[in-house]
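Next come the chains, spelled out residue by residue.
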Amino acid sequence: MRISCPICGERDRREFHYRGAALTRPAPDAGEAAWDAYLHLRDNPAGATRELWYHETGCGAWVVVTRNTLTHEMPGCELAAEAAR
Amino acid sequence: MRIAGNGLLGEARQVAFSFDGRRFTGLEGDTLASALLAGGVRLMGRSFKYHRPRGVLGAGSEEPNALVTIGRGAAREPNMRATVQEIFDGLEASSQNRWPSLGFDLLSLNDLAAPFFGAGFYYKTFMWPKSFWEKVYEPMIRRAAGLGALSGLPNPDRYERAFAFCDLLVIGAGPAGLMAALVAARSGADVILADEDSRMGGRLLAETREIGGQAGHAWAAEVLAELGAMANVRLMTRTTVVGAYDQGTYGALERVGHHRPRHSRALPLECFWRIVARRAVLAAGALERPVAFRDNDRPGIMTAGAVRAYLNRWGVSPGRAVTVFANNDDGHRTARDLVAAGVHVAGVIDSRHDAPLSDAFEVHRGARVCGASGRRGLESITIRSVAGESRVQTDCLGVSGGWNPSLHLSCHMNARPLWRRDIAAFVPAPGAVPGLEPAGACNGAFSTAACLREGAAAARAALADLGRRPAGFDLPQAEDAAYAITPLWAVPGRGRAWLDFQNDVTVKDVRQAAAENFRSVEHMKRYTTQGMATDQGKNSNVSALAVLADATGRGIAETGTTTFRPPYVPVAIAALGAGGQGKGFAPERLTTSHSASVERGAPMIEAGLWYRPGYFPAPGESGWRQSCDREVNMVRGAVGVCDVSTLGKIDIQGPDAGALLDFVYTNRFSTLKAGRVRYGLMLREDGFVMDDGTTARLGETHFLMTTTTAAAGEVMRHLQFVHQCLRPDWDVSIVSVTEQWAQFAIAGPKSRELVNGLLDTPLREGDWPFMACGPVSVLGVGARLFRISFSGEHAYELAVPARFGDSLFRMLLERAAALGGGPYGMEALNVLRIEKGHITHAEIHGRTTACDIGMAGMVSDGKDCIGKTMAGRPGLVDPGRERLVGLKPSGAARQLIAGAHLFAPGGDAVRRNAQGYITSAAFSPTLGHMIALAFLRHGPERIGETVRMVDHLRAIEAECEVVNPVFFDPEGGRVRG
Ligand SMILES: [Zn+2]
């Protein structure tokens with residue numbers, strides 16, 4: 001499996017650290033349900049996912065990878081810093 | 001027997017080898033199978049379950065019967081296929097799964113008991129008593145049924161892994177693959193052509209057909225010479241592509257050393273390749289399938305295509321009076337080639353009533369072979385036709401039940417193959433593997449011309465995808481005969497007709513599975529074990545499911561196939577794990593003081609990838625405890641030096657550096673003055689402690705964070721996550737400088753004296769209070785000094801650029817010695833920090849909160865930080881949690897043990913009553929007894945109470961008094977002094 005880092009280009013997934021679903025951090029006062037969901041509840045979709053990978057042995061960029069769990073296609077990969085703006 | 005003037009080996013060198021201790025001579029280029037057949041050997045193995053005598057069935061990697069052990073001692077390699085193993089001088093091969101010998105195998109008694117051993121026998125027979133299964137039945141079955149055995153010794157062979165990239169990967173170097181590679185290479189694409197054979201050419205080496213007016217093998221040689229001269233082509237022989245994976249990634253096994261004597265260890269035995277190809281052409285050819293009939297496993301019965309391969313490539317006739325049994329035209333070619341080579345053909349038996357006739361040999365139209373005799377080698381066959389039964393003397397029968405395309409790789413990403421009635425075979429589904437185009441026989445195109453055509457077309461399609469213009473090209477002339485076949489899977493009749501040779505599965509077994517309602521092909525496979533041997537059903541799957549379809553009254557397409565999974569051929573775990581044997585590729589991180597430490601005899605301890613000294617033995621010391629105690633006393637009494645470079649050092653700069661630190665630490669750093677250091681506590685988002693350490697403010701917008709050695713990578717990743725994913729608007733840069741600085745702790749009452757001896761501007765009394773930091777100059781070298789202490793003593797940490805680390809360490813030791821000090825290692829460092837109640841990852845092990853370690857007050861009220869919200873959950877701040885305390889022995893037993901559990905005195909030491917556990921324990925030379933850090937329910941509220949320590953593993957108990965975790969100098973006078 002290879003990931004197209006926007007900075008380095010296509011690289012072997014062994015260069016990346018996997019974090020999990022790309023989620024928005026709740027506000028401190030968002031309430032228990034929102035925090036519980038952020039920390040513990042995950043969808044397990046058959047289809048498109050958005051997930052965070054860290055190019056640890058490459059450029060050090062966190063990237064948001066769009067991946068299809070059915071076809072294994074990876075249609076998108078953008079810098080997390082840009083996705084978050 | 002070898003037929004003079006036949007085959008492609010020509011005037012090859014003679015090679016001496018042995019089989020079961022008997023000496024043979026073969027020719028360079030022979031496989032073990034061709035050389036043994038040339039030497040008149042037909043019996044090469046015994047079957048798995050019944051120990052039936054078996055000979056070679058095929059001429060390729062799909063061989064189910066002729067499995068042998070190569071070599072001896074630790075390097076011996078079991079289950080090597082004689083059809084793949086090339087001979088070399090001194091090769092020692094031996095047969096397997098027989099006792100005492102291949103010719104006389106006592107366990108072949110299993111064969112006489114065969115009526116009891118049918119499908120499901122083990123499942124039904126060894127049901128009870130249950131305890132007998134593991135102790136009696138399984139060992140017995142395993143002894144009787146088996147393959148070759150490993151040596152049981154450590155594997156001395158080397159294995160490698162490698163990576164390759166290309167525009168086009170061509171899998172298989174027969175006519176289709178050669179054509180595809182040639183078209184792509186001439187068009188300028190980067191091409192890898194991989195073929196599992198030792199010599200490229202595929203079936204062109206085994207056939208007598210012509211291409212472009214010359215012999216097929218000569219055309220192949222010409223193409224290979226052209227490809228071999230091109231810089232954009234890599235030819236990989238002896239390389240089996242074993243798996244197709246996502247994004248054009250292919251796994252391939254290269255047999256590098258199997259064909260050479262083992263004493264030359266310069267080359268690895270095998271290399272496992274990961275090949276990333278933008279496009280690929282599958283040109284894996286096809287495998288001929290046998291027809292099942294009574295006793296069709298006699299040595300001497302093989303596929304008709306294998307007979308041609310032995311004759312046309314190796315110049316060997318597997319028999320003197322050969323017969324052929326076919327349901328298609330292809331089998332007749334075997335007879336024609338044999339006749340042309342002067343070998344007697346005793347008849348062709350063709351199940352079709354309209355089979356072509358010949359002047360050169362007798363053709364029995366509409367006839368079937370219904371039996372074979374000759375226990376250790378074929379002697380005769382029985383033919384049945386409308387005219388009745390007759391017997392033909394023959395020592396070799398070539399069988400052709402048609403060809404199965406080698407489409408396995410096309411199924412590795414879950415696609416199912418499609419059934420084609422006209423050729424009675426499965427073909428790859430279109431688009432089965434993205435970027436992989438099947439061509440030639442593996443795609444159901446069986447004529448040479450069709451192979452060339454499809455190979456060229458597949459290459460052109462790939463070139464178009466790659467945005468390249470294909471070079472102009474005329475296809476050479478070749479035969480284009482239609483493939484005429486009338487399916488025949490099994491000849492009806494009494495007795496056992498074999499489908500899966502290696503696992504001894506018969507037609508009857510498959511029918512029995514169907515009768516017992518194992519009608520799904522996947523259930524039938526598991527019930528009969530058909531297709532579960534090392535050939536993974538390559539020789540039997542299609543025939544077995546045809547028999548199953550017949551037995552269940554369904555069509556073949558409807559019955560479906562089992563799933564083809566990687567690897568295509570067996571792959572040794574050692575090849576997959578290349579680089580992981582022993583130390584393997586694991587990097588070793590060495591500090592700049594490593595050499596000096598080793599020179600002093602310090603045993604090095606692994607700390608993650610780092611190596612750190614355990615202790616520095618002094619003359620006369622006999623064990624680590626003695627050295628450790630001395631080093632602790634040395635630090636408390638004079639001065640000690642310890643390399644602390646392995647701690648993570650993260651440089652954080654920018655206008656928002658302070659904001660970032662406030663957000664990742666529970667406490668504030670934006671208020672820290674430049675030239676000061678502060679201890680910080682870091683939480684995970686779930687509220688538990690992640691790491692701790694000190695951070696120094698070197699300038700207004702410049703901080704230097706230290707992490708624990710263990711969590712350096714995790715913290716770096718975390719900081720980048722927080723910045724890039726949560727606060728990308730902040731203007732801050734983060735970089736690891738762990739390896740750029742060598743840093744030494746200098747601790748003890750004489751530490752200032754030692755430091756001052758090295759500084760160009762010595763420290764004055766009152767300068768550099770506790771937690772001060774700043775730049776200094778050490779003998780002209782720019783350095784950083786931090787007044788911080790992990791030992792609880794007046795201490796400094798001095799950092800210099802890593803290139804000066806070795807010389808500074810040696811200098812520090814030399815000068816420390818003059819002050820009655822010296823180096824100390826990890827053991828002493830650990831004792832010093834336990835005496836001071838300082839935590840490490842023994843305490844912050846992922847399940848502890850700030851409250852648990854007595855640092856609830858460090859979670860700042862006025863700001864948000866990572867983990868703050870969840871750290872406030874009631875369960876995480878409950879005073880009844882297991883919280884940090886100190887323990888000291890208060891009874892007769894004086895030993896405290898890390899990992900031991902704590903109980904109320906008098907209560908039962910069972911899990912339900914557990915009140916906590918010890919995380920760190922050491923003998924304190926300062927206090928003269930053992931001390932421990934522990935987590936205890938309501939811990940800090942229980943100072944002065946007695947608890948009972950129980951180590952269930954070692955059966956050790958001790959009574960302990962609960963005390964403050966800071967055992968030594970709780971007021972901190974020494975550290976500030
Ligand atoms: Zn990158």
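Just above, that's the structure.
By convention here, each chain's residues receive numbers from 1 onward along its written sequence. Think of it this way: whatever chain is written first is A, whatever ligand is written first is 1, and the rest follow in order. Residue-level local features of this predicted model are given only where pLDDT is at least 70; pairs of side-chain atoms are given and counted only at 80 or more, and the full residue set underlies all totals for whole chains, interfaces and linings. For the side-chain quantities, the full set of heavy atoms in the structure was used; hydrogens and water were omitted.

With that settled, the discussion passes to the overall build of chain B. Numbered from the N terminus, helices here are DSSP runs of H or I no shorter than four residues, and strands are runs of E no shorter than two. When helices and strands are tallied, chain B shows 24 helices and 50 strands. The size measure is the radius of gyration over C-alpha atoms, and the globule rule it meets is 2.2 Å times the number of residues to the 0.38 power. Taken over C-alpha atoms, the radius of gyration comes to 38 Å for chain B, far larger than the 30 Å a tight globule of 977 residues would show. Categorising residues by exposure relies on relative accessible area from a 1.4 Å probe, with only protein chains included: less than 20% of the type maximum marks a residue as buried, more than 50% marks it as exposed, and the intermediate range marks it as partly exposed. Every one of the 977 residues in chain B was classed for burial, and the buried ones make up 59%. Sequence separation of 24 or more characterises 67% of the internal contacts of chain B that already satisfy a separation of 6 or more. By the counting rule applied here, Lys and Arg register as positive and Asp and Glu as negative, while His and the ends of each chain are not counted. Charge positions are represented by NZ for Lys, CZ for Arg, CG for Asp and CD for Glu. The distance from the centre of the 107 positive side-chain charges to the centre of the 100 negative ones in chain B is 3 Å. Working rule for contacts: check all heavy atoms of both residues, and any pair within 4.5 Å makes them a contact.

Before going further, it helps to examine the overall build of chain A. What chain A contains, in helices and strands, is two helices and six strands. Along the first, second and third principal axes, the C-alpha set of chain A runs to 40 × 30 × 20 Å. Here chain A holds 85 residues, and 32% of them are scored as buried. Counted over contacts in chain A with a minimum sequence separation of 6, partners at least 24 positions apart contribute 43%. On chain A, roughly 4900 Å² of surface is accessible, and the fraction owed to carbon and sulfur atoms is 48%. When the 10 basic and 12 acidic side-chain charges of chain A are each reduced to a single mean position, those positions are 4 Å apart. Per-residue accessibility takes into account occlusion by the displayed protein chains alone, with areas from the Shrake-Rupley method and a 1.4 Å probe.

Here we take up the interface of chain B and chain A. The interface of chain B with chain A comprises 26 residues on the first partner and 24 residues on the second. Summed over both partners, the accessible area (1.4 Å probe) lost when two parts come together is defined as the buried area. Across the chain B to chain A interface the summed buried area is about 2200 Å²; carbon plus sulfur atoms make up 53%. Taken as a group, Gln247, Arg717 and Gln724 of chain B account for 28% of the area that chain B buries against chain A, more than any other trio of residues on that side. Any Lys or Arg side-chain nitrogen located within 4 Å of an Asp or Glu carboxyl oxygen qualifies as a salt bridge. Our enumeration of links across chain B and chain A arrives at three salt bridges. The shortest N-O distance in the salt bridge between Arg25 of chain A and Asp864 of chain B comes to 3.1 Å. Contributions of two or more residues to the side of chain B that touches chain A are made by strand E15 (270–282), helix H18 (712–726) and helix H22 (868–871) of chain B. Of all the elements, H18 of chain B adds the most residues to the side of chain B that touches chain A, at eight residues. In terms of residue class, the side of chain B that touches chain A is built from 10 nonpolar, eight polar and eight charged. When residue character is reported, Ala, Val, Leu, Ile, Met, Phe, Trp, Tyr, Cys and Pro are called nonpolar, Asp, Glu, Lys and Arg charged, and the others, Gly included, polar.

Glancing now at the pairing of strand E23 (residues 388–393) of chain B. Residue and element names in this part refer to chain B. One ladder, built from six bridges, connects strand E22 (residues 380–385) with E23; its direction is antiparallel. Each residue of the ladder has a partner; that of Arg384, found in E23, is Glu389. Any two strands between which DSSP finds at least two bridges are classified as paired. Between the end of E22 and the start of E23, which pair antiparallel, lie two residues.

Here the focus is the coordination of the zinc ion. All names here are of chain A. Donor atoms are limited to N, O and S found within 2.8 Å of the metal ion, a distance that becomes 3.2 Å for Na, K and Ca. With water left out, some sites might look partial. Around the zinc ion, the protein contributes the donor atoms Cys5 (SG), Cys8 (SG), His55 (ND1) and Cys59 (SG), at 2.1 to 2.3 Å from the metal centre. For a four-donor site, all angles between 85 and 135 degrees give tetrahedral; for four or six donors, opposite pairs above 155 degrees with the remaining angles between 65 and 115 give square planar or octahedral; all remaining cases count as irregular. Around the zinc ion, the four donor atoms are arranged such that angles at the metal cover 103 to 115°; this shape is classified as tetrahedral. Mapping the donors of the zinc ion onto the primary sequence yields the spacing C-x2-C-x46-H-x3-C. Of this pair, Cys8 sits in the loop between strand E1 (2–5) and strand E2 (9–12) while His55 sits in the loop between strand E4 (48–54) and strand E5 (62–68), placing them 47 residues apart in sequence. The class for Cys8 is partly exposed, based on a relative accessible area of 24%. Under the relative-accessibility criterion, His55 is labelled buried at 0%.

Stacked, tilted and edge-to-face pairs are distinguished by plane angle, under 30 degrees for stacked and over 60 for edge-to-face with tilted covering the rest, among Phe, Tyr and Trp rings (Trp via its six-membered ring) whose centres lie within 6.5 Å. Applying the stated criterion to the full structure yields 16 aromatic pairs over all chains. Ring centres of Tyr50 of chain B and Trp498 of chain B lie 5.9 Å apart, and the angle between their planes is 70°; on these two criteria the pair is classed as edge-to-face. Highlighted residues: Tyr50 of chain B in the loop between strand E3 (45–46) and strand E4 (53–54) and Trp498 of chain B in strand E29 (residues 498–500), separated in sequence by 448 residues. As far as burial versus exposure is concerned, Tyr50 of chain B and Trp498 of chain B are alike and both buried. Taken together, the ring pairs connect Tyr54 and Trp62 of chain A together with Phe721 of chain B into an aromatic cluster. For a lysine, the NZ atom is tested; for an arginine, the CZ atom; a charge sits over a ring if that atom is within 6 Å of the ring centre and within 35 degrees of the ring normal. Taking the ring centre of Tyr568 of chain B as reference, the NZ or CZ of Lys538 of chain B above it sits at 4.4 Å. Geometry around Phe663 of chain B places Arg727 of chain B over its ring, the cationic atom sitting 4.5 Å from the centre.

The next point concerns the packing of helix H5 (residues 175–186) of chain B against helix H9 (residues 448–465) of chain B. All names here are of chain B. Contact geometry for H5 and H9: axes closest at 7 Å, N-to-C directions at 35°. Handedness of the crossing formed by H5 with H9: right-handed. Between H5 and H9, the contacting residues are Pro175, Ala176, Met179, Ala180, Val183 and Ala184 on the first element and Thr448, Cys451, Leu452, Gly455, Ala456, Ala459, Arg460 and Leu463 on the second. With axes taken as lines fitted to C-alpha atoms, and helix axes fitted only over the stretch in contact, angles between N-to-C directions fall between 0 and 180 degrees. Here is the rule for handedness: rotate from the far helix to the near one, and if that takes an anticlockwise turn smaller than a right angle the crossing is left-handed, while a clockwise turn gives right-handed.

Residues and elements named next belong to chain B. Among buried residues, those of type Ala, Val, Leu, Ile, Met, Phe, Trp, Tyr and Cys that are joined through side-chain atoms within 4.5 Å constitute a nonpolar core. Core analysis: the largest hydrophobic core is formed by 48 residues, its most contacted members being Leu32 and Tyr310. Apart from the residues within four sequence positions on either side, Leu32 is in contact with Phe17, Val68, Ile70, Ala82, Gln85, Ile87, Leu91 and Ala93. Ala189, Ala449, Leu452 and Ala456 belong to the second-largest nonpolar core, a separate cluster that totals 38 residues.

So, about the side chain of Glu86 of chain B. Residues and elements named next belong to chain B. Its location among the elements puts Glu86 in the loop between strand E6 (77–81) and strand E7 (91–95). In this structure the side chain of Glu86 is engaged in a polar contact, spanning 2.6 Å, whose partner is the side chain of Arg238. With residues up to four places along the chain from it excluded, the contact list for Glu86 reads Asp30, Thr31, Leu91, Ser198, Arg238, Arg255 and His259. Here a polar contact is recorded for every N or O atom pair within 3.5 Å, except that within protein the pair must consist of a potential hydrogen donor and a potential acceptor, and residues adjacent in sequence are included only if both atoms are side-chain atoms.

The next subject is the pattern of salt bridges. Residue and element names in this part refer to chain B. Going through the model one piece at a time under the given rule, you end up with 57 salt bridges over all chains. A salt bridge links Arg697 to Glu700; the nearest nitrogen and oxygen atoms lie 3.4 Å apart. Three or more residues are tied together by salt bridges with common partners; here these are Arg52, Arg54, Asp295, Asp297, Arg298 and Asp504.

On to the sheet that holds strand E49 (residues 946–951) of chain B, then. Residues and elements named next belong to chain B. Overall, antiparallel pairing links the six strands, which are arranged E45-E48-E47-E46-E49-E50 in a closed barrel. If you compare each strand with its neighbour and ignore which way they point, the axes differ by 45° on average. One ladder, built from three bridges, connects strand E46 (residues 901–903) with E49; its direction is antiparallel. Across the sheet, His901 pairs through a bridge with Val950, a residue of E49.

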